[in-house]
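Analysis of the macromolecular model
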Amino acid sequence: MFEPLQNPMVNYILVVGALIISVVILIALHSSPPYVRRWVIAGVTFLVGLYVPLEFYIPRHNFLTVWRDPLSDLVRVLAGFTIGLGIVNLVIVHGRHILQRTANFPFSLAFFVGFISMAFVGFLHHYKPDLWAQKPSEGELAFWSAAYKVFFEGLLLPLTSTVFSLLAFFIVSAAYRAFRIRTLEAGLLMAAAIIVMLANVPVGTWLTSWLPQEGWLKWLRLENAALWLTTQINAPAMRGILFGAAVGGLGAALRILLSLERSFSFGGQG
Amino acid sequence: MEHADWGTIYPYLVWILVAIIGLGIALASAGKKLHIRRLPAIDAIEEAVGRATEMGRPMMFVPGLAGVDVPTFQAIAIAGHVARLAARYRSRIIMPVTDTVILTMAEQVLREAYAEGGAPDAFNPEDIRFLSGDQFAFASGVVGLMNRERVAANFFFGSFAAESLILAETGQALGAIQIAGTPSTLQIPFFIAACDFTVIGEEYYAVTAYLTREPILLGSVWGQDVCRILLASLIFATTMAQKFLPPVVLKFLGL
(Lines give C-alpha, C1' and ligand atoms only; values in the text may rest on other atoms or scores of the structure.)
Protein backbone atom coordinates (compact mmCIF):
# COMPACT_ATOMS: atom_id res chain seq x y z
CA MET A 1 0.00 0.00 0.00
CA PHE A 2 2.76 2.43 0.98
CA GLU A 3 5.80 2.85 -1.26
CA PRO A 4 9.19 3.57 0.42
CA LEU A 5 10.08 7.27 0.21
CA GLN A 6 13.12 8.14 -1.89
CA ASN A 7 13.75 11.57 -0.37
CA PRO A 8 15.63 11.09 2.95
CA MET A 9 14.69 14.54 4.25
CA VAL A 10 10.94 13.88 3.83
CA ASN A 11 11.51 10.48 5.45
CA TYR A 12 13.18 12.06 8.54
CA ILE A 13 10.43 14.67 8.81
CA LEU A 14 7.76 11.96 8.72
CA VAL A 15 9.59 9.86 11.35
CA VAL A 16 9.93 12.87 13.69
CA GLY A 17 6.29 13.82 13.02
CA ALA A 18 5.12 10.27 13.83
CA LEU A 19 7.13 10.31 17.07
CA ILE A 20 5.69 13.69 18.13
CA ILE A 21 2.12 12.53 17.37
CA SER A 22 2.73 9.29 19.34
CA VAL A 23 4.01 11.25 22.36
CA VAL A 24 1.03 13.64 22.20
CA ILE A 25 -1.42 10.69 22.05
CA LEU A 26 0.34 9.01 25.00
CA ILE A 27 0.26 12.21 27.09
CA ALA A 28 -3.41 12.77 26.23
CA LEU A 29 -4.23 9.17 27.16
CA HIS A 30 -2.37 9.39 30.47
CA SER A 31 -3.92 12.70 31.48
CA SER A 32 -7.48 11.71 30.55
CA PRO A 33 -9.91 10.40 33.21
CA PRO A 34 -9.98 6.59 33.70
CA TYR A 35 -13.41 6.14 32.08
CA VAL A 36 -12.26 7.95 28.90
CA ARG A 37 -9.10 5.80 28.80
CA ARG A 38 -11.21 2.68 29.23
CA TRP A 39 -13.51 3.65 26.36
CA VAL A 40 -10.62 4.55 24.06
CA ILE A 41 -8.85 1.23 24.73
CA ALA A 42 -12.10 -0.75 24.35
CA GLY A 43 -12.84 1.03 21.05
CA VAL A 44 -9.38 0.42 19.60
CA THR A 45 -9.46 -3.23 20.75
CA PHE A 46 -12.84 -3.72 19.10
CA LEU A 47 -11.88 -2.07 15.80
CA VAL A 48 -8.52 -3.83 15.45
CA GLY A 49 -9.99 -7.11 16.67
CA LEU A 50 -12.81 -6.85 14.16
CA TYR A 51 -10.46 -6.03 11.29
CA VAL A 52 -8.62 -9.38 11.33
CA PRO A 53 -11.65 -11.72 11.09
CA LEU A 54 -13.42 -9.42 8.61
CA GLU A 55 -10.36 -9.32 6.35
CA PHE A 56 -10.16 -13.12 6.51
CA TYR A 57 -13.83 -13.89 5.99
CA ILE A 58 -14.51 -11.43 3.15
CA PRO A 59 -13.59 -13.58 0.14
CA ARG A 60 -10.41 -13.01 -1.85
CA HIS A 61 -8.44 -9.75 -2.03
CA ASN A 62 -10.77 -7.12 -0.56
CA PHE A 63 -10.75 -3.45 0.46
CA LEU A 64 -9.33 -4.41 3.89
CA THR A 65 -6.42 -6.48 2.52
CA VAL A 66 -4.41 -3.38 1.54
CA TRP A 67 -4.14 -2.45 5.24
CA ARG A 68 -2.81 -5.86 6.30
CA ASP A 69 0.91 -5.20 5.84
CA PRO A 70 0.89 -1.66 7.33
CA LEU A 71 -0.95 -3.01 10.40
CA SER A 72 1.55 -5.86 10.80
CA ASP A 73 4.38 -3.32 10.59
CA LEU A 74 2.66 -1.16 13.22
CA VAL A 75 2.43 -4.14 15.59
CA ARG A 76 6.13 -4.90 15.01
CA VAL A 77 7.10 -1.28 15.72
CA LEU A 78 5.04 -1.22 18.95
CA ALA A 79 6.62 -4.53 20.05
CA GLY A 80 10.05 -3.07 19.21
CA PHE A 81 9.50 -0.18 21.61
CA THR A 82 8.64 -2.57 24.43
CA ILE A 83 11.98 -4.39 24.01
CA GLY A 84 13.57 -1.19 25.29
CA LEU A 85 11.26 -1.35 28.33
CA GLY A 86 12.36 -4.96 28.92
CA ILE A 87 16.01 -3.91 28.93
CA VAL A 88 15.24 -1.00 31.28
CA ASN A 89 13.48 -3.45 33.62
CA LEU A 90 16.51 -5.76 33.66
CA VAL A 91 18.95 -2.90 34.21
CA ILE A 92 16.89 -1.42 37.09
CA VAL A 93 16.47 -4.75 38.91
CA HIS A 94 20.08 -5.87 38.53
CA GLY A 95 21.52 -2.37 38.95
CA ARG A 96 19.82 -2.08 42.33
CA HIS A 97 21.31 -5.42 43.45
CA ILE A 98 24.79 -4.18 42.55
CA LEU A 99 24.40 -0.71 44.07
CA GLN A 100 22.98 -2.08 47.34
CA ARG A 101 25.40 -5.05 47.40
CA THR A 102 22.56 -7.49 48.14
CA ALA A 103 23.13 -11.24 48.56
CA ASN A 104 22.27 -11.73 44.87
CA PHE A 105 24.85 -9.19 43.76
CA PRO A 106 27.15 -11.75 41.97
CA PHE A 107 24.24 -12.94 39.78
CA SER A 108 23.47 -9.36 38.77
CA LEU A 109 27.13 -8.76 37.96
CA ALA A 110 27.09 -11.90 35.79
CA PHE A 111 24.03 -10.50 34.03
CA PHE A 112 25.73 -7.19 33.21
CA VAL A 113 28.94 -8.89 32.03
CA GLY A 114 26.95 -11.31 29.81
CA PHE A 115 24.55 -8.67 28.52
CA ILE A 116 27.18 -6.07 27.62
CA SER A 117 29.63 -8.62 26.14
CA MET A 118 26.99 -10.30 23.99
CA ALA A 119 25.50 -7.01 22.81
CA PHE A 120 28.95 -5.55 22.02
CA VAL A 121 30.23 -8.64 20.17
CA GLY A 122 26.92 -9.22 18.36
CA PHE A 123 26.75 -5.59 17.26
CA LEU A 124 30.31 -5.52 15.92
CA HIS A 125 29.94 -8.94 14.26
CA HIS A 126 26.85 -7.77 12.41
CA TYR A 127 27.70 -4.15 11.58
CA LYS A 128 31.49 -4.02 11.47
CA PRO A 129 31.81 -4.66 7.68
CA ASP A 130 29.68 -1.57 6.86
CA LEU A 131 30.13 0.53 9.97
CA TRP A 132 32.78 2.94 8.69
CA ALA A 133 33.82 4.18 5.26
CA GLN A 134 37.20 2.47 5.64
CA LYS A 135 36.70 -1.27 5.24
CA PRO A 136 38.08 -3.34 8.16
CA SER A 137 40.80 -5.92 7.48
CA GLU A 138 39.99 -9.61 6.93
CA GLY A 139 41.70 -10.49 10.22
CA GLU A 140 39.60 -8.00 12.16
CA LEU A 141 36.37 -9.35 10.67
CA ALA A 142 37.46 -12.94 11.39
CA PHE A 143 38.17 -11.95 15.02
CA TRP A 144 34.67 -10.55 15.62
CA SER A 145 33.10 -13.49 13.82
CA ALA A 146 35.06 -15.94 16.02
CA ALA A 147 34.17 -13.94 19.15
CA TYR A 148 30.49 -14.06 18.21
CA LYS A 149 30.74 -17.83 17.68
CA VAL A 150 32.36 -18.26 21.10
CA PHE A 151 29.57 -16.30 22.81
CA PHE A 152 26.64 -17.69 20.83
CA GLU A 153 27.58 -21.23 19.81
CA GLY A 154 30.16 -21.83 22.53
CA LEU A 155 28.25 -20.40 25.52
CA LEU A 156 24.58 -19.66 24.93
CA LEU A 157 23.66 -22.81 22.99
CA PRO A 158 25.38 -25.27 25.39
CA LEU A 159 23.82 -23.48 28.36
CA THR A 160 20.30 -23.72 26.94
CA SER A 161 20.92 -27.37 25.98
CA THR A 162 22.04 -28.04 29.56
CA VAL A 163 18.81 -26.62 30.97
CA PHE A 164 16.82 -28.67 28.43
CA SER A 165 18.68 -31.85 29.42
CA LEU A 166 17.57 -31.37 33.05
CA LEU A 167 14.13 -32.31 31.77
CA ALA A 168 15.13 -35.99 31.63
CA PHE A 169 15.73 -36.07 35.40
CA PHE A 170 12.60 -34.09 36.15
CA ILE A 171 10.53 -36.54 34.06
CA VAL A 172 11.84 -39.41 36.19
CA SER A 173 10.98 -37.72 39.48
CA ALA A 174 7.52 -36.65 38.21
CA ALA A 175 6.86 -40.16 36.87
CA TYR A 176 7.85 -41.66 40.24
CA ARG A 177 5.18 -39.60 42.00
CA ALA A 178 2.54 -40.10 39.30
CA PHE A 179 2.97 -43.88 39.16
CA ARG A 180 2.71 -44.62 42.87
CA ILE A 181 -0.21 -47.05 42.97
CA ARG A 182 -2.64 -45.62 45.52
CA THR A 183 -5.86 -45.53 43.56
CA LEU A 184 -7.45 -47.47 40.70
CA GLU A 185 -6.64 -44.60 38.28
CA ALA A 186 -2.96 -44.58 39.32
CA GLY A 187 -2.88 -48.37 38.85
CA LEU A 188 -4.30 -48.09 35.33
CA LEU A 189 -1.82 -45.30 34.57
CA MET A 190 1.05 -47.49 35.78
CA ALA A 191 -0.12 -50.49 33.74
CA ALA A 192 -0.48 -48.37 30.57
CA ALA A 193 2.94 -46.79 31.13
CA ILE A 194 4.61 -50.20 31.55
CA ILE A 195 3.04 -51.49 28.31
CA VAL A 196 4.04 -48.39 26.29
CA MET A 197 7.56 -48.26 27.76
CA LEU A 198 8.21 -51.97 27.20
CA ALA A 199 6.86 -51.80 23.64
CA ASN A 200 9.44 -49.15 22.84
CA VAL A 201 12.49 -51.26 23.80
CA PRO A 202 13.69 -54.47 22.03
CA VAL A 203 13.39 -56.61 25.17
CA GLY A 204 9.75 -55.60 25.52
CA THR A 205 8.77 -56.74 22.05
CA TRP A 206 10.83 -59.92 22.57
CA LEU A 207 8.79 -60.78 25.68
CA THR A 208 5.60 -61.33 23.63
CA SER A 209 7.21 -62.28 20.31
CA TRP A 210 6.01 -65.88 20.73
CA LEU A 211 2.37 -64.79 20.40
CA PRO A 212 0.79 -65.17 16.92
CA GLN A 213 0.80 -62.19 14.55
CA GLU A 214 -2.78 -62.86 13.43
CA GLY A 215 -6.08 -63.58 15.22
CA TRP A 216 -7.30 -62.00 18.43
CA LEU A 217 -4.18 -63.05 20.33
CA LYS A 218 -2.13 -60.54 18.31
CA TRP A 219 -3.58 -57.78 20.55
CA LEU A 220 -1.69 -59.25 23.48
CA ARG A 221 1.63 -58.58 21.74
CA LEU A 222 3.12 -55.56 23.51
CA GLU A 223 3.74 -53.49 20.35
CA ASN A 224 0.09 -53.91 19.30
CA ALA A 225 -1.23 -53.18 22.79
CA ALA A 226 0.92 -50.03 22.97
CA LEU A 227 -0.27 -48.91 19.53
CA TRP A 228 -3.88 -49.46 20.60
CA LEU A 229 -3.33 -47.47 23.81
CA THR A 230 -1.70 -44.51 22.06
CA THR A 231 -4.01 -44.31 19.01
CA GLN A 232 -7.34 -45.45 20.46
CA ILE A 233 -7.17 -44.19 24.06
CA ASN A 234 -4.58 -41.41 24.32
CA ALA A 235 -5.11 -39.64 20.97
CA PRO A 236 -8.94 -39.32 21.27
CA ALA A 237 -8.61 -38.06 24.86
CA MET A 238 -6.04 -35.45 23.82
CA ARG A 239 -8.15 -34.43 20.83
CA GLY A 240 -11.19 -34.11 23.10
CA ILE A 241 -9.28 -31.73 25.39
CA LEU A 242 -8.00 -29.77 22.39
CA PHE A 243 -11.50 -29.62 20.93
CA GLY A 244 -12.93 -28.20 24.18
CA ALA A 245 -10.04 -25.73 24.51
CA ALA A 246 -10.48 -24.52 20.92
CA VAL A 247 -14.13 -23.62 21.52
CA GLY A 248 -13.12 -22.05 24.84
CA GLY A 249 -10.48 -19.99 22.98
CA LEU A 250 -13.14 -18.75 20.56
CA GLY A 251 -15.33 -17.65 23.47
CA ALA A 252 -12.41 -15.96 25.23
CA ALA A 253 -11.43 -14.14 22.02
CA LEU A 254 -14.98 -12.86 21.68
CA ARG A 255 -14.96 -11.64 25.30
CA ILE A 256 -11.67 -9.80 24.68
CA LEU A 257 -12.96 -8.28 21.43
CA LEU A 258 -16.06 -6.95 23.18
CA SER A 259 -14.02 -5.85 26.24
CA LEU A 260 -16.16 -8.02 28.50
CA GLU A 261 -13.07 -9.48 30.20
CA ARG A 262 -12.77 -6.66 32.72
CA SER A 263 -9.90 -8.23 34.65
CA PHE A 264 -7.41 -6.76 32.21
CA SER A 265 -9.21 -3.86 30.57
CA PHE A 266 -6.84 -1.09 31.57
CA GLY A 267 -7.62 2.40 32.63
CA GLY A 268 -8.59 1.94 36.25
CA GLN A 269 -12.03 1.88 37.75
CA GLY A 270 -14.42 4.33 36.34
CA MET B 1 -2.52 -15.10 4.58
CA GLU B 2 -5.29 -16.95 2.75
CA HIS B 3 -8.95 -15.99 2.85
CA ALA B 4 -11.86 -18.12 4.05
CA ASP B 5 -13.17 -20.66 1.55
CA TRP B 6 -16.94 -20.18 1.55
CA GLY B 7 -17.33 -23.29 -0.61
CA THR B 8 -16.76 -25.40 2.54
CA ILE B 9 -18.81 -25.72 5.73
CA TYR B 10 -16.06 -24.32 8.03
CA PRO B 11 -16.64 -20.53 7.78
CA TYR B 12 -20.39 -21.03 8.31
CA LEU B 13 -19.69 -23.28 11.29
CA VAL B 14 -17.41 -20.70 12.93
CA TRP B 15 -20.04 -17.95 12.58
CA ILE B 16 -22.74 -20.29 13.93
CA LEU B 17 -20.52 -20.93 16.99
CA VAL B 18 -19.90 -17.18 17.41
CA ALA B 19 -23.68 -16.58 17.18
CA ILE B 20 -24.36 -19.24 19.87
CA ILE B 21 -21.78 -17.72 22.23
CA GLY B 22 -23.27 -14.28 21.51
CA LEU B 23 -26.72 -15.68 22.32
CA GLY B 24 -25.39 -16.97 25.66
CA ILE B 25 -24.03 -13.49 26.48
CA ALA B 26 -27.34 -11.89 25.45
CA LEU B 27 -29.41 -14.32 27.56
CA ALA B 28 -27.19 -13.72 30.59
CA SER B 29 -27.45 -9.95 30.09
CA ALA B 30 -31.24 -10.32 30.00
CA GLY B 31 -31.12 -11.90 33.46
CA LYS B 32 -31.09 -15.67 32.81
CA LYS B 33 -29.66 -17.44 35.88
CA LEU B 34 -26.66 -19.62 34.95
CA HIS B 35 -24.68 -22.07 37.03
CA ILE B 36 -21.03 -23.02 36.72
CA ARG B 37 -19.72 -26.22 38.31
CA ARG B 38 -17.05 -26.17 41.02
CA LEU B 39 -13.41 -25.89 39.93
CA PRO B 40 -11.34 -27.11 42.92
CA ALA B 41 -8.11 -25.77 41.41
CA ILE B 42 -9.49 -22.23 41.37
CA ASP B 43 -10.96 -22.58 44.86
CA ALA B 44 -7.43 -23.46 45.99
CA ILE B 45 -6.01 -20.09 44.86
CA GLU B 46 -7.17 -18.37 48.07
CA GLU B 47 -5.72 -21.20 50.14
CA ALA B 48 -2.37 -20.86 48.33
CA VAL B 49 -2.30 -17.08 48.86
CA GLY B 50 -3.19 -17.55 52.54
CA ARG B 51 -0.48 -20.16 53.02
CA ALA B 52 2.18 -17.98 51.41
CA THR B 53 1.11 -15.09 53.66
CA GLU B 54 1.30 -17.26 56.79
CA MET B 55 4.78 -18.42 55.82
CA GLY B 56 5.85 -14.83 55.08
CA ARG B 57 7.20 -15.88 51.70
CA PRO B 58 6.38 -14.56 48.22
CA MET B 59 4.31 -16.20 45.48
CA MET B 60 5.21 -16.61 41.84
CA PHE B 61 2.88 -16.26 38.87
CA VAL B 62 4.26 -17.44 35.51
CA PRO B 63 2.05 -16.38 32.55
CA GLY B 64 3.59 -18.85 30.10
CA LEU B 65 5.93 -18.53 27.18
CA ALA B 66 3.69 -16.97 24.55
CA GLY B 67 3.43 -13.32 23.60
CA VAL B 68 0.19 -11.47 22.97
CA ASP B 69 -2.42 -14.18 22.47
CA VAL B 70 -5.71 -15.36 23.99
CA PRO B 71 -4.22 -17.84 26.55
CA THR B 72 -1.80 -15.17 27.82
CA PHE B 73 -4.60 -12.59 28.12
CA GLN B 74 -6.54 -15.16 30.13
CA ALA B 75 -3.46 -15.79 32.31
CA ILE B 76 -3.07 -12.06 32.99
CA ALA B 77 -6.75 -11.82 33.93
CA ILE B 78 -6.19 -14.65 36.47
CA ALA B 79 -3.03 -12.88 37.70
CA GLY B 80 -5.16 -9.81 38.39
CA HIS B 81 -7.43 -11.89 40.62
CA VAL B 82 -4.49 -13.46 42.48
CA ALA B 83 -2.99 -9.99 42.96
CA ARG B 84 -6.26 -8.65 44.45
CA LEU B 85 -6.18 -11.50 46.97
CA ALA B 86 -2.48 -10.89 47.66
CA ALA B 87 -3.18 -7.18 48.20
CA ARG B 88 -5.76 -8.08 50.85
CA TYR B 89 -3.00 -9.82 52.84
CA ARG B 90 -0.27 -7.40 51.67
CA SER B 91 1.60 -10.36 50.15
CA ARG B 92 4.14 -10.22 47.39
CA ILE B 93 3.78 -11.70 43.90
CA ILE B 94 6.77 -12.17 41.62
CA MET B 95 5.84 -12.37 37.97
CA PRO B 96 8.58 -13.31 35.51
CA VAL B 97 7.69 -12.76 31.85
CA THR B 98 9.28 -13.75 28.58
CA ASP B 99 7.71 -11.12 26.35
CA THR B 100 8.25 -7.39 26.71
CA VAL B 101 4.71 -6.49 25.57
CA ILE B 102 3.36 -8.74 28.33
CA LEU B 103 5.73 -7.02 30.78
CA THR B 104 3.96 -3.68 30.32
CA MET B 105 0.50 -5.28 30.39
CA ALA B 106 1.26 -7.31 33.51
CA GLU B 107 2.67 -4.31 35.36
CA GLN B 108 -0.46 -2.27 34.65
CA VAL B 109 -2.87 -5.08 35.60
CA LEU B 110 -1.06 -5.89 38.86
CA ARG B 111 -0.70 -2.23 39.80
CA GLU B 112 -4.48 -1.76 39.39
CA ALA B 113 -5.24 -5.04 41.18
CA TYR B 114 -3.16 -4.02 44.22
CA ALA B 115 -4.93 -0.64 44.21
CA GLU B 116 -8.36 -2.32 44.01
CA GLY B 117 -7.29 -4.71 46.78
CA GLY B 118 -6.62 -1.69 49.03
CA ALA B 119 -2.83 -1.92 49.17
CA PRO B 120 -1.33 0.12 46.30
CA ASP B 121 1.88 0.62 48.31
CA ALA B 122 2.39 -3.17 48.53
CA PHE B 123 2.92 -3.34 44.78
CA ASN B 124 6.54 -3.33 43.72
CA PRO B 125 7.02 -2.84 39.94
CA GLU B 126 10.40 -4.60 40.20
CA ASP B 127 8.58 -7.84 40.99
CA ILE B 128 7.34 -7.94 37.39
CA ARG B 129 10.48 -9.10 35.70
CA PHE B 130 11.46 -9.57 32.11
CA LEU B 131 13.98 -12.43 32.19
CA SER B 132 14.66 -13.49 28.63
CA GLY B 133 12.93 -14.13 25.33
CA ASP B 134 14.73 -17.47 25.04
CA GLN B 135 12.78 -20.49 26.30
CA PHE B 136 15.44 -22.17 28.42
CA ALA B 137 17.17 -18.98 29.51
CA PHE B 138 13.73 -17.94 30.83
CA ALA B 139 13.26 -21.35 32.50
CA SER B 140 16.64 -21.17 34.24
CA GLY B 141 15.89 -17.60 35.33
CA VAL B 142 12.55 -18.64 36.84
CA VAL B 143 14.13 -21.64 38.59
CA GLY B 144 16.83 -19.38 40.02
CA LEU B 145 14.24 -16.89 41.28
CA MET B 146 12.16 -19.65 42.86
CA ASN B 147 15.17 -20.93 44.77
CA ARG B 148 16.52 -17.56 45.86
CA GLU B 149 13.15 -16.16 46.93
CA ARG B 150 11.98 -19.49 48.46
CA VAL B 151 8.49 -19.02 46.99
CA ALA B 152 5.63 -20.59 48.95
CA ALA B 153 3.09 -20.78 46.10
CA ASN B 154 3.40 -21.09 42.35
CA PHE B 155 0.77 -20.29 39.73
CA PHE B 156 1.44 -21.49 36.19
CA PHE B 157 -1.22 -20.19 33.81
CA GLY B 158 -0.77 -19.72 30.06
CA SER B 159 0.84 -21.48 27.11
CA PHE B 160 3.81 -23.63 28.08
CA ALA B 161 6.24 -25.90 26.26
CA ALA B 162 9.05 -28.21 27.43
CA GLU B 163 10.01 -25.90 30.32
CA SER B 164 6.73 -26.64 32.13
CA LEU B 165 8.10 -29.64 34.02
CA ILE B 166 11.38 -27.90 34.88
CA LEU B 167 9.40 -25.11 36.56
CA ALA B 168 6.80 -27.33 38.24
CA GLU B 169 9.33 -29.87 39.56
CA THR B 170 11.51 -27.13 41.03
CA GLY B 171 8.47 -25.73 42.83
CA GLN B 172 7.58 -29.24 44.02
CA ALA B 173 11.10 -29.72 45.40
CA LEU B 174 10.76 -26.42 47.29
CA GLY B 175 7.49 -27.58 48.83
CA ALA B 176 5.46 -24.78 47.24
CA ILE B 177 1.71 -25.22 46.76
CA GLN B 178 1.26 -25.24 42.98
CA ILE B 179 -1.74 -24.47 40.79
CA ALA B 180 -1.51 -24.74 37.02
CA GLY B 181 -3.74 -24.23 34.02
CA THR B 182 -2.87 -24.50 30.37
CA PRO B 183 -4.53 -25.07 27.02
CA SER B 184 -1.23 -26.66 25.77
CA THR B 185 -2.40 -30.29 25.66
CA LEU B 186 1.12 -31.78 25.65
CA GLN B 187 2.03 -30.05 28.92
CA ILE B 188 -1.13 -31.00 30.85
CA PRO B 189 0.23 -34.42 31.98
CA PHE B 190 3.40 -32.79 33.31
CA PHE B 191 1.43 -30.26 35.34
CA ILE B 192 -0.91 -32.96 36.65
CA ALA B 193 2.11 -34.98 37.81
CA ALA B 194 3.96 -32.11 39.45
CA CYS B 195 1.29 -29.64 40.66
CA ASP B 196 -1.27 -29.85 43.46
CA PHE B 197 -4.14 -28.59 41.29
CA THR B 198 -4.51 -28.32 37.52
CA VAL B 199 -7.22 -26.89 35.28
CA ILE B 200 -7.30 -28.47 31.84
CA GLY B 201 -8.70 -27.78 28.40
CA GLU B 202 -11.86 -25.69 28.31
CA GLU B 203 -11.78 -25.13 32.09
CA TYR B 204 -8.87 -22.76 31.45
CA TYR B 205 -11.12 -20.35 29.56
CA ALA B 206 -13.87 -20.54 32.19
CA VAL B 207 -11.64 -19.41 35.08
CA THR B 208 -12.43 -15.69 34.90
CA ALA B 209 -16.17 -16.42 34.69
CA TYR B 210 -15.82 -18.71 37.72
CA LEU B 211 -13.84 -16.13 39.69
CA THR B 212 -15.95 -13.08 38.97
CA ARG B 213 -19.38 -14.83 38.57
CA GLU B 214 -20.26 -11.98 36.21
CA PRO B 215 -23.46 -12.95 34.36
CA ILE B 216 -22.05 -11.91 30.96
CA LEU B 217 -18.97 -14.11 31.35
CA LEU B 218 -21.11 -17.00 32.64
CA GLY B 219 -23.29 -16.51 29.55
CA SER B 220 -20.27 -16.92 27.26
CA VAL B 221 -19.29 -20.14 29.10
CA TRP B 222 -22.87 -21.42 28.66
CA GLY B 223 -22.64 -20.58 24.94
CA GLN B 224 -19.34 -22.46 24.66
CA ASP B 225 -20.87 -25.53 26.29
CA VAL B 226 -23.78 -25.47 23.82
CA CYS B 227 -21.22 -25.22 20.97
CA ARG B 228 -19.34 -28.26 22.32
CA ILE B 229 -22.55 -30.30 22.56
CA LEU B 230 -23.46 -29.26 19.02
CA LEU B 231 -20.03 -30.11 17.59
CA ALA B 232 -19.81 -33.43 19.46
CA SER B 233 -23.29 -34.36 18.16
CA LEU B 234 -22.21 -33.43 14.64
CA ILE B 235 -19.09 -35.61 14.91
CA PHE B 236 -21.14 -38.52 16.30
CA ALA B 237 -23.83 -38.16 13.61
CA THR B 238 -21.34 -38.02 10.71
CA THR B 239 -19.37 -40.98 12.12
CA MET B 240 -22.54 -43.06 12.40
CA ALA B 241 -23.59 -41.96 8.90
CA GLN B 242 -20.23 -43.03 7.47
CA LYS B 243 -20.59 -46.39 9.20
CA PHE B 244 -24.22 -47.26 8.44
CA LEU B 245 -25.54 -45.25 5.49
CA PRO B 246 -25.19 -46.57 1.90
CA PRO B 247 -22.68 -44.79 -0.40
CA VAL B 248 -25.45 -43.24 -2.54
CA VAL B 249 -26.92 -41.44 0.45
CA LEU B 250 -23.47 -40.36 1.65
CA LYS B 251 -22.73 -38.89 -1.77
CA PHE B 252 -26.05 -37.03 -1.70
CA LEU B 253 -25.20 -35.64 1.75
CA GLY B 254 -21.69 -34.68 0.61
CA LEU B 255 -20.01 -36.90 3.24
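Taken together, the contact between chain B and chain A spans 70 residues of the former and 58 residues of the latter. Carbon and sulfur atoms supply 71% of the area buried between chain B and chain A, which totals about 5,400 Å² over both sides. At the boundary of chain B with chain A, the tally comes to two salt bridges. In this structure, R177(A) and E169(B) form a salt bridge, with 2.2 Å as the shortest nitrogen-oxygen distance. Inspection of the region where chain B meets chain A yields 13 residue pairs in polar contact (both at pLDDT 80 or more). At 10 residues, the largest contribution of residues to the side of chain B that touches chain A is made by helix α9 (residues 215–244) of chain B. Class assignment of the residues belonging to the side of chain B that touches chain A gives a composition of 43 nonpolar, 15 polar and 12 charged.

Bringing empty space enclosed by the protein into the picture now. All names here are of chain B. Inspection of every chain in the model, using the stated rule, returns one cavity of 30 Å³ or more. The calculated volume of the largest cavity comes to roughly 30 Å³. What lines the largest cavity is R92, I93, L110, Y114, A122, F123, N124, D127 and I128. When grouped by side-chain class, the residues that make up the lining of the largest cavity number six nonpolar, one polar and two charged.

With that settled, consider the nonpolar core. Formed by 70 residues in total, the largest nonpolar core has its most connected members in I45(B), F61(B), I93(B), M95(B), L110(B), F155(B) and F157(B). Here this core gets 10 residues from one element, more than from any other, and that element is helix α3 (residues 70–88) of chain B. In this structure M95(B) touches F61(B), P63(B), I76(B), A79(B), A106(B), L110(B), D127(B), I128(B) and R129(B), once residues within four positions along its chain are discounted. Counting residues in hydrophobic clusters, the runner-up holds 28 residues, among them A174(A), F138(B), M146(B) and C195(B).

Right, let's get into the pairing of strand β1 (residues 59–62) of chain B. Residues and elements named next belong to chain B. Side chains M59 and F61 project from β1 onto one buried face, and the interleaved M60 and V62 project onto a second face that is buried too. Two strands pair when backbone bridges link them, and β1 and strand β2 (residues 93–97) are joined in this way by two bridges, in the parallel orientation. Paired with M59 across the bridge in β2 is I93. Handedness of the β-α-β unit built from β1, α3 and β2 comes out right-handed. Here β1 runs beside strand β4 (residues 153–157); their pairing, made up of four bridges, is parallel. Residue M59 lies in a different strand from β4, and its bridge partner there is A153.

Cut-offs and rules
- Residues numbered from 1 in each chain as written.
- Chains lettered and ligands numbered in written order.
- Predicted model: local features only at pLDDT ≥ 70, side-chain atom pairs only at ≥ 80, totals over all residues.
- Heavy atoms only, no water.
- Contact = heavy atoms within 4.5 Å.
- Buried area = accessible area lost by both parts, 1.4 Å probe.
- Salt bridge = Lys/Arg side-chain N within 4 Å of Asp/Glu carboxyl O.
- Polar contact = N/O pair within 3.5 Å; in protein donor to acceptor, adjacent residues only side chain to side chain.
- Helix = DSSP H or I, 4+ residues; strand = E, 2+ residues; numbered from the N terminus.
- Nonpolar A, V, L, I, M, F, W, Y, C, P; charged D, E, K, R; others polar.
- 1 Å grid on protein atoms, 1.4 Å probe; cavity = no way out; pocket = protein on both sides within 12 Å on 5 of 7 lines; lining within 4 Å.
- Points joined across faces, edges and corners; volume = space filled by probe spheres on them.
- Core = buried A, V, L, I, M, F, W, Y, C linked by side-chain atoms within 4.5 Å.
- Buried < 20%, exposed > 50% of the residue type's maximum accessible area, 1.4 Å probe, protein only.
- Pairing = 2+ DSSP bridges.
- Right-handed = clockwise from strand over helix to strand, strands pointing away.

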